Amino acid sequence: MSKPTSGVRYAEVERESSETRVRVVIDLDGGTRRDVATGIGFLDHMLQLMAFHGQFDLGVSAEGDIYIDDHHTVEDIGIVLGQAFRQAVAASEQIDRYGSNITPMDEALVLCSVDLSGRGLLYSEVPYSRERIGDLSTESIKEFFRAFAQHAGLTLHLRMLAGENNHHICEASFKALGLALRDATRKSERRGGTSTKGMID
């Protein structure tokens, strides 16, 4: 696990267990590279969209026991991505901290709000009517967001405001998160800190 270098918002994190092997590379000031291979095609697509709209470089490689199901792999990707994101942010100068948006994808509309508070919390109201979207189980989607929020140290709110097509709902969620992260990690021009406590966490 690499240590963040001051001013360079980049991190590499690896995790290996008896169930998965995951490696994540992230550069918050990139925005042109999205190399994702998780063994779960639909998740690859969602992570690529998140990085594209978040305007950061992302590399994810994962091997897991998907012959059983996708739960361990999806959750561990969320864990490692969260850890890498937190390391990259730690190397940053002062950031805006908050990001919010309402993102449409055809008939679907999802609200996403993040606070890089240091506290890892997820509040999600995004229902799905199918068990799977492509090769990704819909119950694992929330587990990804939960693991990411906990290990990134951020508060994440996701709420579906409208939607019928499960693919569109999920896509709007990942795009919305990317957009919110982009805003929250912008370098701040405000005077003083981003918390009245004088510290985050």
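Residues numbered from 1 in each chain as written. Predicted model: local features only at pLDDT ≥ 70, side-chain atom pairs only at ≥ 80, totals over all residues. Heavy atoms only, no water.

Peer 1: Where do I start with the sheet that holds strand β2 (residues 20-27) in this structure?
Peer 2: The strands that make up a sheet are held in pairs by hydrogen bonds between backbone atoms, and each pair lies either parallel or antiparallel. A sheet is described by the order of its strands in space; here four strands give the open sequence β1-β2-β4-β3, paired in mixed fashion. The open sheet has two edge strands with one neighbour each: β1 (10-16) and β3 (34-37). If you compare each strand with its neighbour and ignore which way they point, the axes differ by 5° on average. The pairing of β1 with β2 spans seven bridges and is antiparallel. Opposite V13, over in β2, you have V24 as the bridge partner. Helix α1 (residues 41-54) rests against β3 and β4 (57-64) of the sheet, and its axis sits at about 160° to β3. Each of β1, β2 and β4 is contacted by helix α2 (residues 71-90), which is oriented at about 30° to β2, the strand it contacts most. (Pairing = 2+ DSSP bridges. Helix = DSSP H or I, 4+ residues; strand = E, 2+ residues; numbered from the N terminus. Axes fitted to C-alpha atoms, helices over the stretch in contact; angles between N-to-C directions. Contact = heavy atoms within 4.5 Å.)

Peer 1: Just to check I follow, could you spell out the packing of α1 against helix α4 (residues 166-184) for this structure?
Peer 2: Any two packed helices are characterised by the angle at which their axes cross and by the distance between the axes. Two elements in contact, α1 and α4, have axes separated by 7 Å at closest approach and are oriented at 35°. Considering only the axes of α1 and α4, their crossing is right-handed. Mapping the contact onto sequence places F42, L43, H45, M46, L47, L49, M50, H53 and G54 in α1 and H167, C170, E171, F174, K175, L177, G178, L179 and R182 in α4. Of the residues belonging to the contact of α1 with α4, the class tally is ten nonpolar, five polar and three charged. (Left-handed = near helix turned anticlockwise from the far one by under 90°. Nonpolar A, V, L, I, M, F, W, Y, C, P; charged D, E, K, R; others polar.)

Peer 1: What should I look at first to understand the packing of α2 against helix α3 (residues 138-152) in this one?
Peer 2: Taken N-terminus to C-terminus, the directions of α2 and α3 make an angle of 25°; their axes are 7 Å apart at the nearest point. When the axis of α2 is compared with that of α3, the two are roughly parallel. Considering the relative orientation of α2 and α3, their crossing is right-handed. Counting all contacts with α2, which are made through H71, V74, E75, I77, G78, I79, L81, G82, Q83, F85 and R86, the residues of α3 involved are S140, E143, F144, A147, F148, Q150, H151 and A152. (Parallel < 35°, antiparallel > 145°, perpendicular 65-115°, else oblique.)

Peer 1: Sorry if this is basic, but what is going on with α2 here?
Peer 2: Because the α-helix completes a turn every 3.6 residues, residues three or four places apart line up on one side. Between the first and last C-alpha of α2 there are 29 Å, a value that for 20 residues agrees with the 28 Å anticipated at 1.5 Å per step. Burial within α2 is extensive, with 14 of its 20 residues counted as buried. (Expected span 1.5 Å × (residues − 1). Buried < 20%, exposed > 50% of the residue type's maximum accessible area, 1.4 Å probe, protein only.)

Peer 1: Got a minute to help me understand the pattern of salt bridges in this structure?
Peer 2: Oppositely charged side chains are able to pair whenever their charged atoms sit close together. With the rule as written, the count across this model stands at 14 salt bridges. The partner of D35 in a salt bridge is R33, and the shortest N-O contact between them spans 3.0 Å. Residues R132 and D70 are paired through a salt bridge, measuring 3.9 Å at the closest nitrogen-oxygen approach. Placement of the pair is R132 in strand β8 (residues 132-133) and D70 in the loop between β4 and α2, with a sequence separation of 62 residues. Among the residues examined, R132 registers a relative accessible area of 40% and is labelled partly exposed. It is possible to trace a salt-bridge network through shared partners that takes in E12, E14 and R23. (Salt bridge = Lys/Arg side-chain N within 4 Å of Asp/Glu carboxyl O.)

Peer 1: I keep staring at the nonpolar core and nothing clicks. Help me out?
Peer 2: It is characteristic of soluble globular proteins that their nonpolar side chains tend to be buried jointly. Membership of the largest hydrophobic core comes to 56 residues, with the highest contact counts inside it found for L47, F85, L154, L156 and F174. In contact with F174, other than residues within four places in its own chain, are L43, M46, L47, M50, I141, F144 and F145. (Core = buried A, V, L, I, M, F, W, Y, C linked by side-chain atoms within 4.5 Å.)

Peer 1: I would appreciate a short explanation of the pairing of β4 in the present structure.
Peer 2: Successive residues of a regular strand alternate their side chains across the two faces of the sheet. Note that β2 and β4 share eight bridges and pair antiparallel. Each residue of the ladder has a partner; that of D27, found in β4, is D57. Pairing between β3 and β4: four bridges, direction parallel. Bridge pairing in β4 places A37 opposite S61. Handedness of the crossover joining β3 and β4 through α1: left-handed. (Right-handed = clockwise from strand over helix to strand, strands pointing away.)

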